[in-house]
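Structural overview for review
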Amino acid sequence: MTNYEALFEDEDDIFGGTPKSKFWDIANQASDDLVKDQFDKIFEKFAVMEIMLRNHYQDEEIQKMIKSYPLANEEEIEHHKKSLYIEFTGDIVCRLDS
């Protein structure tokens, strides 16, 4: 996975907003089919990760981890979410002309 943390030092100058706001700006301008396809890829990635976790943990354990992990790792999660917004925005932008 790519880490775009270096871009966050002055995100307002680079993006004219947050990674989340730029994602939604671009997603709202892109065609519905392109955005739907991007969301399908996101859900596929989520499904793969969930299945991989289920191979090692029970559903109850997974839910407990999902609830407790953010409490101890809030900053790391926020940085990773920003990276994912940038990655998904780039995926949409790269497909705009295709």
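As a reminder, the structure under discussion sits directly above these lines.
Everything in this summary refers to the structure shown in the same document. Only a predicted model underlies this, so the values are computations on that prediction, with no experimental measurement involved.

It is worth spelling out helix α2 (residues 19-29) at this point. For α2, the set of buried residues is Pro 19, Phe 23 and Ala 27. Projected down its long axis, α2 carries its buried residues within an arc of 65°, all on one side. Facing away from the buried surface of α2 by more than 90 degrees, the exposed residues are Asn 28 and Gln 29.

Two elements in contact, α2 and helix α5 (residues 74-95), have axes whose closest approach is 8 Å; the angle formed by their N-to-C orientations is 20°. Comparing their axes, α5 and α2 come out roughly parallel. The two elements α2 and α5 cross, and the hand of that crossing is left-handed. Between α2 and α5, the contacting residues are Pro 19, Lys 20, Lys 22, Phe 23, Trp 24, Ile 26 and Ala 27 on the first element and Lys 82, Tyr 85, Ile 86, Phe 88, Thr 89, Ile 92 and Val 93 on the second.

Calculation notes
- Residues numbered from 1 in each chain as written.
- Predicted model: local features only at pLDDT ≥ 70, side-chain atom pairs only at ≥ 80, totals over all residues.
- Heavy atoms only, no water.
- Buried < 20%, exposed > 50% of the residue type's maximum accessible area, 1.4 Å probe, protein only.
- Helix = DSSP H or I, 4+ residues; strand = E, 2+ residues; numbered from the N terminus.
- Arc of directions from axis to C-beta.
- Axes fitted to C-alpha atoms, helices over the stretch in contact; angles between N-to-C directions.
- Parallel < 35°, antiparallel > 145°, perpendicular 65-115°, else oblique.
- Left-handed = near helix turned anticlockwise from the far one by under 90°.
- Contact = heavy atoms within 4.5 Å.

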